[in-house]
Amino acid sequence: MTHQKFHLAYFTKFGATAWPGTGQFGSTWADGAFHVELAKKLERAKLDFLLFEDSVTISDKYGGSMELDLKHAVYAPKHDPLPLLPMIAQGTSNIGLIATASTSFYPPFLLARLYSTLDSLTRGRVGWNLVTSSETTAAQNFGMDQLPPHAERYARAEEYVELVRQLWDSWEEGALVEDTETGVYVDHTKVHTVDFNGEYYRSRGPLNTLRSPQGRPVIAQAGASSRGRDFAAKNAEVVVAPMAGGIAGMKALREDIRGRAQSFGRNPDDIRVFFLTPLFAFTSGGEPEAPSEQAQQAQLEYGMVMLSSTTDVDFSKLDLDTPVPEDLEGGGHTSIIDVFKELGRQGMTLREAMYSGMGGDQYGLAGTPAQIAERLIAIMDEVGGDGFLIEGAGLTPYVDVLVDELVPALQKADVVRTEYAGTTLREVLHEF
Ligand SMILES: Cc1cc2nc3c(=O)[nH]c(=O)nc-3n(C[C@H](O)[C@H](O)[C@H](O)COP(=O)(O)O)c2cc1C
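What you see is a predicted model, and the numbers here were worked out from it, not measured in a lab.

What counts, and where the lines are drawn
- Residues numbered from 1 in each chain as written.
- Predicted model: local features only at pLDDT ≥ 70, side-chain atom pairs only at ≥ 80, totals over all residues.
- Heavy atoms only, no water.
- Helix = DSSP H or I, 4+ residues; strand = E, 2+ residues; numbered from the N terminus.
- Rg over C-alpha atoms; globule rule 2.2 N^0.38 Å.
- Buried < 20%, exposed > 50% of the residue type's maximum accessible area, 1.4 Å probe, protein only.
- Areas by Shrake-Rupley, 256 points an atom, 1.4 Å probe, with all protein chains shown as cover.
- Lys, Arg positive; Asp, Glu negative; His and termini not counted.
- Charge placed at Lys NZ, Arg CZ, Asp CG, Glu CD.
- Patch = residues over 30% accessible without salt bridge, like charges linked within 9 Å, V, L, I, M, F, W, Y side chains within 5 Å.
- Salt bridge = Lys/Arg side-chain N within 4 Å of Asp/Glu carboxyl O.
- Near = heavy atom within 4 Å.
- Polar contact = N/O pair within 3.5 Å; in protein donor to acceptor, adjacent residues only side chain to side chain.
- Nonpolar A, V, L, I, M, F, W, Y, C, P; charged D, E, K, R; others polar.
- Phe/Tyr/Trp six-rings, centres within 6.5 Å; stacked < 30°, edge-to-face > 60°.
- Lys NZ or Arg CZ within 6 Å of the ring centre and 35° of its normal.
- Core = buried A, V, L, I, M, F, W, Y, C linked by side-chain atoms within 4.5 Å.
- Pairing = 2+ DSSP bridges.
- Axes fitted to C-alpha atoms, helices over the stretch in contact; angles between N-to-C directions.
- Right-handed = clockwise from strand over helix to strand, strands pointing away.
- Contact = heavy atoms within 4.5 Å.
- Expected span 1.5 Å × (residues − 1).

**Student:** I keep staring at the overall build of the protein and nothing clicks. Help me out?
**Tutor:** Counting secondary structure elements, the protein contains 14 helices and 14 strands. At 22 Å, the protein has a C-alpha radius of gyration in line with the 22 Å of a compact globule built from 432 residues. Dimensions along the principal axes, computed over C-alpha positions, put the protein at roughly 75 × 55 × 45 Å. The proportion of buried residues among the 432 residues of the protein is 51%. Accessible surface computed for the protein: about 19,400 Å², of which carbon and sulfur atoms make up 50%. The averaged location of the 59 negative side-chain charges in the protein is 3 Å from the averaged location of its 37 positive side-chain charges.

Set out below in structure tokens:
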């Protein structure tokens, strides 16, 4: 039987990803060397890309204190991933490099110029994970009292991304002529102002950077609400999707995104949907070890910081052992709140809903590398594509198991690539 071929990528952050782990990465990630090493290993396994999430705040949404955020290194400390990408590019040759930047904080011209420059520095391997941000404390770092409401954030992002695309296209292909005979470096007839005049943004253009290898760097997006899915279907080439609702839910979500893309006049095959996949629990065959009480408490605190900040709801004020309140409201990720309410209707308490949201247990992704490989193949055969975005920790022995055992098992089954054919990120995404 031929199996569905699929893509693999890795989700991480420029922070203390392995904390507490063995402790050896407490601070040594800060010079970038650790992530360069990580990328080299993942490139050996021929992954499509590394995606660096990002945020620009230390969170105090949970209980009004930064204590738990800093204790567990949840949001912070975190460094800007953008300067890290060229360092990684120097040490690798094919793996794609996607970094997050927020439409709520960067002026569009600066963002377009930055990603154009990064695309040149990485020889066409860059992607922009477009987020609109959801944390009030982040907005306050930029002089705002709060972020615009959810719907307006997307309306602004819609205009923003249109402007950024126009700026990237403000240099036609072939504008650089370098003609020593005529003495012309750039043909000015191929460089145009954009004269963008929108409801939220205005810009004259053109960019003052050369057109980059990909022209338009790849755009990734992770909106999960109905509005977010529309946005992704219209604008993204990589869609980051939650692994939710079981295999049927994953399949339905992919088909929904593809259907929406088609309704916007796009070819759905231009989109690659990557399912964010929880860490694999590699074992040598037996049951995975149950986490200690301390580890469980740490996991709960980590989840609370993450959840409170992304939903803009202070979970310290709620009793976790009561049913999910029907009137739960927040200004952040509205889709997470909707999922919680739905679980509440099914009779779950907040604590149960939280664990249900965090766990990947229902997918059976625990076992030996060979068992996990079989499971991934079976899931993708049913879902129909396109890839798994592995939510990884740091450079722990687990990465070696991934690279040296899991991926070779998948390669043997001919479901993932064994060599890169493309050189730019877009080419790699479309090799199959
Ligand atoms: C896998 C994944 C990764 C994300 N990464 C980031 C990130 O790095 N920074 C950020 O501000 N938001 C991030 N988000 C949030 C999304 O961009 C989006 O704002 C959020 O899902 C809320 O959109 P929605 O209300 O349409 O669901 C991420 C979401 C998901 C599911």
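Okay, back to it.
**Student:** Could you clarify how one ought to interpret a nonpolar patch on the surface in this entry?
**Tutor:** Side chains of Ile58, Met66 and Leu70 sit close together on the surface and give an oily, nonpolar patch of about 240 Å² of accessible area. Summarising the element assignment, Ile58 is placed in the loop between strand S2 (49–53) and helix H2 (67–72). Take Ile58: its relative accessible area is 35%, and that puts it in the partly exposed class.

**Student:** What am I meant to see in the site of the ligand here?
**Tutor:** Looking at the ligand, there are 19 residues lining it, with Asp54, His150, Tyr154, Ser225 and Ser335 nearest. Here an oxygen atom of the ligand sits 2.6 Å away from a polar atom, N or O, in the side chain of His150. Here an oxygen atom of the ligand and a side-chain polar atom of Ser225 are 2.5 Å apart. In isolation the ligand offers 620 Å² of accessible surface; the protein chains occlude 89% of this area. Secondary structure elements with two or more residues in the shell around the ligand: strand S4 (126–131), helix H6 (150–168) and helix H10 (334–345). In terms of residue class, the shell around the ligand is built from 7 nonpolar, 10 polar and 2 charged.

**Student:** I tried to follow the pattern of salt bridges on my own but got confused; where do I start?
**Tutor:** Side chains bearing opposite charge may pair, as long as their charged atoms lie close to each other. The full count for this structure, using the stated rule, is 26 salt bridges. Here Lys78 ties to Glu53 by a salt bridge, and the two come within 2.8 Å at their closest N and O atoms. Separated by 25 residues along the polypeptide, Lys78 in the loop between H2 and helix H3 (84–91) and Glu53 in strand S2 bring together distant segments of the chain. What you see here is one network of salt bridges that share partners, running through Arg229, Asp230, Asp256 and Arg260.

**Student:** Would you mind going over the packing of aromatic side chains with me for this structure?
**Tutor:** Two descriptors summarise a pair of aromatic rings, namely the distance from one centre to the other and the angle between the planes of the rings. One pass over the structure, following the stated rule, counts 10 aromatic pairs. Note on Tyr154 and Phe231: the rings are 5.7 Å apart at their centroids and 45° apart in plane angle, and the pair reads as tilted. Separated by 77 residues along the polypeptide, Tyr154 in helix H6 and Phe231 in helix H7 (residues 226–235) bring together distant segments of the chain. Both residues of the pair, Tyr154 and Phe231, count as buried. A network of ring pairs unites the aromatic residues Tyr115, Trp128, Tyr160, Trp168 and Tyr201 as a single cluster. It is Lys5 that lies over the ring of Phe432; its NZ or CZ is 5.2 Å from the centre. Lys234 extends its terminal NZ or CZ atom over the ring of Phe264, reaching a point 4.9 Å from the ring centre.

**Student:** Would you mind showing me how to read unusual backbone geometry here?
**Tutor:** Most of the time, phi is negative for any residue but glycine, and the peptide bond is trans. In this structure, Pro206 follows Gly205 across a cis peptide bond, with omega equal to -5°. Note that Pro206 resides in the loop between strand S8 (202–203) and strand S9 (218–221).

**Student:** Just to check I follow, could you spell out the nonpolar core for this structure?
**Tutor:** Soluble globular proteins: nonpolar side chains tend toward being buried together. Formed by 85 residues in total, the largest nonpolar core has its most connected members in Phe6, Leu42, Trp128 and Leu410. Per-element tally for this core: the top contributor is H6, with 8 residues. One finds Leu320, Phe340, Leu350 and Met354 within the second-largest nonpolar core, a separate group that totals 14 residues.

**Student:** Can you help me understand the sheet that holds strand S11 (residues 272–277) in this one?
**Tutor:** The strands making up a sheet associate through backbone hydrogen bonding, with each pair oriented either parallel or antiparallel. Ordered by their spatial adjacency, 8 strands build a closed barrel running S1-S2-S3-S4-S9-S10-S11-S14, and the pairing between neighbours is parallel. For this sheet, the mean angle separating the axes of adjacent strands, direction not counted, is 30°.

**Student:** What is the right way to read the pairing of strand S3 (residues 96–102) from this model?
**Tutor:** Buried residues dominate S3, accounting for 7 of its 7 residues. Burial along S3 is two-sided: Gly96, Ile98, Thr100 and Ser102 and Leu97, Ala99 and Ala101, pointing in opposite directions, are all buried. Each parallel crossover has a hand, and the one from S3 via helix H4 (residues 108–121) to S4 is right-handed.

**Student:** Looking at this structure, I do not really get the environment of Tyr62. What am I missing?
**Tutor:** Among the secondary structure elements, Tyr62 is positioned in the loop between S2 and H2. Here the alpha-carbon distance between Tyr62 and Glu301, two residues 239 residues apart in the chain, equals 9.4 Å. Sequence-distant contacts of Tyr62, that is, excluding residues within four places in its chain, are made with Leu68, Met304, Val305, Ser308, Asp314, Phe315 and Ser316.

**Student:** In this structure, what is going on with H10? I would like to understand it.
**Tutor:** Between its first and last C-alpha, H10 extends 17 Å over 12 residues, near the 16 Å set by a 1.5 Å rise per residue. Among all positions in H10, only Ser335, Ile337, Phe340, Lys341, Leu343 and Gly344 are buried. Trailing H10 by a residue or two, Gly347 shows a phi angle of about 100°, which is positive.

**Student:** Any chance you could explain the environment of Asp338 here in plain terms?
**Tutor:** Along the chain, Asp338 turns up in helix H10. By relative accessible area, which is 47% here, Asp338 ends up partly exposed. For the pair formed by Asp338 and Arg211, sequence separation is 127 residues and the distance between their alpha carbons is 42 Å.

**Student:** What is the right way to read the side chain of Thr277 from this model?
**Tutor:** Here Thr277 lies in strand S11. When its relative accessible area of 0% is taken as the criterion, Thr277 is described as buried. Sequence-distant contacts of Thr277, that is, excluding residues within four places in its chain, are made with Met243, Leu365, Phe388, Leu389, Ile390 and Glu391.

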